[in-house]
Amino acid sequence: EGVTSLQLNINGAARTIQAEPRVTLLDALREYLDLTGTKKGCDHGQCGACTVLVDGKRINSCLTLAVMQQGKQITTIEGLAKGDALHPMQEAFIKHDGFQCGYCTPGQIMSGVACVQEGHATTDAQCREWMSGNLCRCGAYPNIVAAVREVAQ
Ligand code: FES
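Residues numbered from 1 in each chain as written. Predicted model: local features only at pLDDT ≥ 70, side-chain atom pairs only at ≥ 80, totals over all residues.

As recorded by an unreviewed UniProt entry, the protein chain carries the name 2Fe-2S iron-sulfur cluster-binding protein and is attributed to Hymenobacter endophyticus.

Visitor: Explain the environment of R30 to me, please; I cannot follow it from the model alone.
Guide: Inspection of the secondary structure puts R30 in helix α1 (residues 25-32). For R30, a count of 19 C-beta atoms within 10 Å corresponds to the partly exposed category. Setting aside residues no more than four positions away along its own chain, R30 makes contact with L35, T36, T38 and K40. (Helix = DSSP H or I, 4+ residues; strand = E, 2+ residues; numbered from the N terminus. Buried ≥ 20, exposed ≤ 12 C-beta atoms within 10 Å, placed from the backbone. Contact = placed C-beta atoms within 7 Å.)

Visitor: Would you explain the sheet that holds strand β1 (residues 4-10) in this entry?
Guide: Either a parallel or an antiparallel arrangement is found when strands of a sheet pair, and the pairing is made through backbone hydrogen bonds. The sheet built from five strands is open, its strands ordered β2-β1-β5-β3-β4 with mixed pairing. A single partner strand is all that each edge strand has here, and the edge strands are β2 (13-19) and β4 (57-60). On average, adjacent strands in this sheet sit at an angle of 40° to one another, irrespective of strand direction. Pairing geometry for strand β3 (residues 51-54) and β4, over four bridges, is antiparallel. Among the inter-strand pairings, V52 is bridged to a residue of β4, identified as I59. (Pairing = 2+ DSSP bridges. Axes fitted to C-alpha atoms, helices over the stretch in contact; angles between N-to-C directions.)

Visitor: I'm lost on the packing of helix α2 (residues 88-95) against helix α3 (residues 105-117) in this one. Help?
Guide: Helix packing geometry: the angle between the two helix axes and the distance between the axes. Look at α2 against α3: their axes get within 10 Å of each other, and the N-to-C directions meet at 125°. On the basis of their axis angle, the class for α2 and α3 is oblique. When you trace α2 past α3, the crossing you get is right-handed. Touching M89, Q90 and F93 of α2 are T105, I109, G112 and V113, all from α3. Here the contact of α2 with α3 is built from residues that sort into four nonpolar, three polar and no charged. (Parallel < 35°, antiparallel > 145°, perpendicular 65-115°, else oblique. Left-handed = near helix turned anticlockwise from the far one by under 90°. Nonpolar A, V, L, I, M, F, W, Y, C, P; charged D, E, K, R; others polar.)

Visitor: Whenever I open this one, unusual backbone geometry confuses me. Can you help?
Guide: Peptide bonds are trans in most cases, and residues, glycine excluded, mostly fall at negative phi. At D55, a position not held by glycine, the phi torsion is positive, near 50°. Taking the C-beta count within 10 Å as the criterion, D55 has 12 such neighbours and is therefore assigned exposed.

Visitor: Looking at this model, I keep getting lost on the nonpolar core. Mind explaining?
Guide: Burial of nonpolar side chains together is a common tendency in soluble globular proteins. Counting residues in hydrophobic clusters, the biggest one holds 39 residues, and the most contacted among them are M110, V113, C115, C127, M131, I144 and V148. For this core, the elements supplying multiple residues, two or more each, are β1, α1, β3, α2, α3, α4 (124-130) and α5 (141-152). Both of domain 1 (4-76) and domain 2 (88-152) provide at least three residues apiece to this core. Residues within four places of M110 in sequence aside, it is in contact with T51, V52, L53, R58 and I77. (Core = buried A, V, L, I, M, F, W, Y, C linked by C-beta atoms within 7 Å. Domains from an automatic or database assignment.)

Visitor: Would you take a moment to explain α3 for this structure?
Guide: In an α-helix, one turn spans 3.6 residues, which is why side chains three or four residues apart end up on the same side. With 13 residues, α3 extends 18 Å from end C-alpha to end C-alpha; this agrees with the ideal 18 Å at 1.5 Å per step. With twelve of its 13 residues buried, α3 lies for the most part within the structure. Taken as a whole, α3 has its buried residues at T105, P106, G107, Q108, I109, M110, S111, G112, V113, A114, C115 and V116. Tucked into the core, α3 has its buried residues touching β3, β4, α2, α4 and α5. At the exit of α3 stands G119, carrying a positive phi of roughly 75°. (Expected span 1.5 Å × (residues − 1).)

Next comes the structure, spelled out in structure tokens:
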């Protein structure tokens, strides 16, 4: 299988990588573009650590090929802050202690952003359901829900 040129739009910038067509979006971000904020937990769609937004919708970046995301707007955790100003979801995670070890946090935050944008944070139960694909081994779930709910207010 040959190397090909992939054009991706990430956090508002056009990026080109030379990679095999079978490279996942997650590996493209981490291994080819040094965007290591997006985490690899399971690499099989089961933990949510790799969550990013594509055209505003969340996806598990380990489950999609980079080649399939050409022409779309990809947003990673690195693209949320505006200069020195953190995104409201990032601020809320700090305020509510929405993390302990922090490994799942980028995925939690990206899912939380999508949760609010798509109107799934009107109750705690609805929020928990939406966020249920994002696992946290430290068990910070109540604080994560509190953070997401606050942003939705
Ligand atoms: Fe993608 Fe776990 S690394 S869901």
